[in-house]
Amino acid sequence: MTDCPNCEYHKQRAQLWRDEAYKQAGHPLPERGWVGLTDEDCDEVERWVEFKEEGSGRIPMQKLIRYIEAKLKEKNG
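Residues numbered from 1 in each chain as written. Predicted model: local features only at pLDDT ≥ 70, side-chain atom pairs only at ≥ 80, totals over all residues. Heavy atoms only, no water.

S.K.: Before we go on, may I ask you to explain the overall build of the protein in this structure?
M.R.: Looking only at helices and strands, the protein features 3 helices and 0 strands. What you see in the protein, going N to C, is helices and strands ordered as α-α-α. Whereas a compact globule of 77 residues would reach a radius of gyration of roughly 11 Å, the protein reaches 17 Å, over 25% beyond that. Principal-axis analysis of the C-alpha atoms places the extent of the protein at approximately 55 × 35 × 15 Å. A buried classification covers 16% of the 77 residues belonging to the protein. A fraction of 50% describes how many contacts in the protein between residues 6 or more apart in sequence connect residues 24 or more apart. Within the structure as shown, the protein displays about 6800 Å² of accessible surface, and the carbon and sulfur contribution to it stands at 54%. (Helix = DSSP H or I, 4+ residues; strand = E, 2+ residues; numbered from the N terminus. Rg over C-alpha atoms; globule rule 2.2 N^0.38 Å. Buried < 20%, exposed > 50% of the residue type's maximum accessible area, 1.4 Å probe, protein only. Contact = heavy atoms within 4.5 Å. Areas by Shrake-Rupley, 256 points an atom, 1.4 Å probe, with all protein chains shown as cover.)

S.K.: Please clarify how the packing of aromatic side chains should be interpreted in this entry.
M.R.: Each aromatic ring pair is described using two quantities: the centre-to-centre distance and the angle formed by the ring planes. As enumerated under the stated definition, the model contains 1 aromatic pair in all. The interplanar angle of 5° and the centroid separation of 4.1 Å between the aromatic rings of tryptophan 48 and tyrosine 67 together place this pair among those described as stacked. Placement of tryptophan 48 in helix α2 (residues 39-56) and of tyrosine 67 in helix α3 (residues 61-76) is noted, with a sequence separation of 19 residues between them. Exposure class is identical for tryptophan 48 and tyrosine 67. Each is buried. (Phe/Tyr/Trp six-rings, centres within 6.5 Å; stacked < 30°, edge-to-face > 60°.)

It is worth stressing that arrangement in space is one thing and function is another; only the former is reported here.
Structural data, given as structure tokens:
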């Protein structure tokens, strides 16, 4: 069975909805586990770096760190 390309998006939206429902009901939020980068995410970061380096040589380390940070924030809310 092939996964829907939007499944991760829908999981994140459902989690945000549940969190809001818990807050409005006055219940503590359930603990969520840390979600790291998948191999596919790492490949995407590598492609991003290669694309950026094609035009300008090297990319500053801070830009790479910010890009990875944004990917992790996207996954962990």
